[in-house]
Every structure is written in structure tokens, then in C-alpha cells.
Amino acid sequence: MEYILIFVAAVFVNNIVLSQFLGICPFLGVSKKVDTALGMSGAVAFVLTIATIVTYLVQTYVLAPLHIDYLRTITFILIIAALVQMVEIVLKKVSPSLYQALGVFLPLITTNCCILGVALLVIQKDYNLLQSVVFAISNAVGFGFALVLFAGIREQINLSDTPKSMQGFPISLVTAGILAMAFMGFSGLVK
């Protein structure tokens, strides 16, 4: 039951993008097409899960025993950067079309604050390894859900007759705000 609560809280109640406002850059930048949003969601999910596992192990077995917790942030950033490079190399070989579609946003996963945020939240919440993995996967699902949902909405908006002053980025920001308010309706569902 504890893991279900972690999942529901991470996906709906405390959505990493719509409630905690982490990962806004890819949320706004890659959400023009659903297929690109799905690819970015998969890449972020992979990096987020692996980064959380690796950073948890480094924190637990290296930083904490040596009492060098003050190096946590820089260590986590270096781990995330290395993992993103690995994903970039794999995507270039396996799916060149997705690699091209993601373009500049793939290297931006390195600076995606939702990945670093989840790694730090795991330590802050004092989760064990299994709870950390569930939390990371749940946040990845929440990120992907928000990204794909927003991409679908943006595709529909592009088909509609939008006033000239609201076309493009302004209507996207208004839509993101309304989507964030909709997710606020889940608050109180789980602590």
C-alpha cells in the first residue's frame, strides 16, 4: 500500500512539473507534438530512474560514510551528466529519427532540474532503495503524463482559431497554468 501511495502522490498530487514546477524547460519546449513528447518522456524516465538509483547508492555508500555530504549536489550533477551522455549515444545508434526530433532538448536533460530534484528529494525523504526506485518511476510517469497531455492539448490548439495575440507561447502558458490548476484538484488525496 505504501508504494501505491508514493505512486499516486508523485503522479497526481505532487506532479513534478505541474505542482513542483521542476522540468519546465522540456515541458514547454518539447510539447509541440505528441510523438516527440513520448520520446522525451521515455528518455527522461530512463535517465531519472537510473540516476536516482546511482545517486542513492553513491549517497548511501560513499558520501554519507565519508561524511562528505556537502559534495552531494555536484556529485549528483556529474552522475546525471554522464548518464545523459550515455542515453544520447544509445539514441543516436538505436533511433536516429528520435535523436533528431529531440534535437537540443536531449542534452538539456543534463540540466533538467526534475532529475536532480528527484535525486535530492529521495535523500530528503529518507527513502530506502526500493522506495527510491518507485518514487523515481512515479515521477517519470508523472512527467511523461503531463508532457504528453500538454502536447495533445497544444496540437488541438494549433488546429483551432486562436486570436493572433495569443498564438504560440502565450496560449501555451495559459494552458499550462490551467492544467496546473486542474492538478491542484488532486491535493489532499494523499499526503
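Below or above, wherever it landed, is the structure these notes cover. Because the structure is predicted, anything quoted here is derived from the model rather than measured.

Reading guide: rules and limits
Residues numbered from 1 in each chain as written. Predicted model: local features only at pLDDT ≥ 70, side-chain atom pairs only at ≥ 80, totals over all residues. Heavy atoms only, no water. Helix = DSSP H or I, 4+ residues; strand = E, 2+ residues; numbered from the N terminus. Contact = heavy atoms within 4.5 Å. Patch = residues over 30% accessible without salt bridge, like charges linked within 9 Å, V, L, I, M, F, W, Y side chains within 5 Å. Areas by Shrake-Rupley, 256 points an atom, 1.4 Å probe, with all protein chains shown as cover. Salt bridge = Lys/Arg side-chain N within 4 Å of Asp/Glu carboxyl O. Buried < 20%, exposed > 50% of the residue type's maximum accessible area, 1.4 Å probe, protein only. Expected span 1.5 Å × (residues − 1). Axes fitted to C-alpha atoms, helices over the stretch in contact; angles between N-to-C directions. Parallel < 35°, antiparallel > 145°, perpendicular 65-115°, else oblique. Left-handed = near helix turned anticlockwise from the far one by under 90°. Nonpolar A, V, L, I, M, F, W, Y, C, P; charged D, E, K, R; others polar.

Turning our eyes to something else, we now look at the environment of V134. Along the chain, V134 turns up in helix 7 (residues 129–159). Put simply, V134 and I6 are 128 residues apart on the chain and 7.2 Å apart in space, counted from C-alpha to C-alpha. In this structure, V134 is in contact with Y3 and I6, ignoring residues within four places of it in sequence.

We now examine a nonpolar patch on the surface. A cluster of nonpolar residues, L57, Y61, V62, L66 and L129, forms a patch on the protein surface that exposes about 470 Å² of accessible area. Broken down by element, the residue count for the nonpolar patch peaks at three residues, all from helix 3 (residues 34–63). Tracing the chain through its elements places L66 in the loop between helix 3 and helix 4 (72–94).

Attention now moves to the pattern of salt bridges. According to the stated counting rule, one finds one salt bridge in the structure shown. In this structure, D69 engages R72 in a salt bridge whose closest nitrogen and oxygen atoms are separated by 4.0 Å. You can call R72 partly exposed: its relative accessible area is 22%.

Here we come to the side chain of N139. Mapping N139 onto the fold places it in helix 7. Contact partners of N139, with chain neighbours within four places excluded, come to A10, N14, I16, L48 and V118.

In this section: helix 4. Every α-helix carries 3.6 residues per turn, so stepping three or four residues along brings you back to the same face. Helix length check: helix 4, at 23 residues, gives a terminal C-alpha distance of 33 Å against a target of 33 Å (1.5 Å per residue), a fit within 8%. Every buried residue of helix 4 is listed here: T75, F76, I79, I80, L83, V84, V87, E88 and L91. Each element contacted by the buried residues of helix 4 is listed here: helix 3, helix 5 (96–102) and helix 6 (113–124).

Here we take up the packing of helix 4 against helix 6. One way to put it is that helix 4 packs onto helix 6 with a least axis distance of 10 Å and a crossing angle of 130°. If you check the angle between helix 4 and helix 6, you find them oblique. The chirality of how helix 4 crosses helix 6 is right-handed. Listed contacts from helix 6 to R72, T73, F76, I77 and I80 of helix 4 are I115, L116, A119, L120 and I123. Looking at the contact of helix 4 with helix 6, its residues break down into eight nonpolar, one polar and one charged.

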